[in-house]
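Chain by chain, the residues run as shown.
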Amino acid sequence: MRITETGIIELDGIDKIILNAMMDDAKAPVAQIAREVGVSSTAIHQRIKKLDESGLIESTKTYINPKKLGYTTIAYVGVFLDKSSQYTSVVSSLKELPEVVECHFTTGNYALFIKILCKNNDHLMHILNVGIQQIEGVNRTETFISLEQGIQRQVKL
């Protein structure tokens, strides 16, 4: 790994193998990665530490399957604001709704584009009507229900 003058991180082949393995399975055994690369486990640990310290690795988290907890409705909501200057306060209010799992400040038609996990359509309607649309600064929303997620991945190195 090398960090350029502009702050871009350049990776070598071993770093790419390590990161791809970790993106596929964050619990991948270091010894297994070391065998694949042909270096010691200590060398892999050191590289992971450097990658982590560089800020390239943001976190290692466990993701749960929301459907197993009854969250069967995934919706994307375009949020129109009264004024763009209300962005910060609206996002702060959205953070109070645990069903909102992503929020993006966007160009185009919507000021915000959010992802919501709900138990069913009634739950979604409640979150929209009682939660999101009642936030001061939200003018209106446009909702899209996801029927199926065809792709879920990170960028490959």
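Rules used in this analysis
Residues numbered from 1 in each chain as written. Predicted model: local features only at pLDDT ≥ 70, side-chain atom pairs only at ≥ 80, totals over all residues. Heavy atoms only, no water. Phe/Tyr/Trp six-rings, centres within 6.5 Å; stacked < 30°, edge-to-face > 60°. Helix = DSSP H or I, 4+ residues; strand = E, 2+ residues; numbered from the N terminus. Buried < 20%, exposed > 50% of the residue type's maximum accessible area, 1.4 Å probe, protein only. Lys NZ or Arg CZ within 6 Å of the ring centre and 35° of its normal. Expected span 1.5 Å × (residues − 1). Arc of directions from axis to C-beta. Contact = heavy atoms within 4.5 Å.

**Q** Kindly report on the packing of aromatic side chains, identifying the contributing residues and their values.
**A** Considering all chains together, one arrives at 5 aromatic pairs under this definition. On the numbers, 4.2 Å between centres and 35° between planes, the contact of Tyr 87 with Phe 105 is tilted. With Tyr 87 in helix α4 (residues 87–94) and Phe 105 in strand β4 (residues 100–105), the pair connects residues that are 18 residues apart, well separated along the chain. On the basis of an interplanar angle of 50° and a centroid distance of 6.5 Å, the ring pair of Phe 113 and Phe 144 is categorised as tilted. Of the two residues, Phe 113 sits in strand β5 (residues 112–118) while Phe 144 sits in strand β6 (residues 138–146), which places them 31 residues apart along the sequence. Take Phe 113: its relative accessible area is 26%, and that puts it in the partly exposed class. By the ring-pair criterion, three or more aromatic residues cluster together here, those being Tyr 76, Phe 80, Tyr 110, Phe 113 and Phe 144. Across the ring face of Tyr 71, the terminal group of Lys 119 is positioned such that the distance to the ring centre comes to 4.6 Å. Between the NZ or CZ atom of Arg 140 and the centre of the ring of Phe 80, over which it lies, the distance is 3.8 Å.

**Q** Outline helix α3 (residues 41–53), listing residues and values.
**A** An ideal rise of 1.5 Å per residue puts 18 Å on 13 residues; α3 measures up with 18 Å between its terminal C-alpha atoms. Regarding α3, the residues found buried are Ile 44, Ile 48 and Leu 51. Buried residues along α3 cover an arc of 65° about the axis, so they all sit on one side. Away from its buried face by more than 90 degrees, α3 exposes Thr 42, Lys 49, Lys 50 and Glu 53. Along its buried surface, α3 packs onto α1 (13–24) and α2 (30–37). Within two residues after α3, Gly 55 carries a phi angle of roughly 90°, on the positive side.

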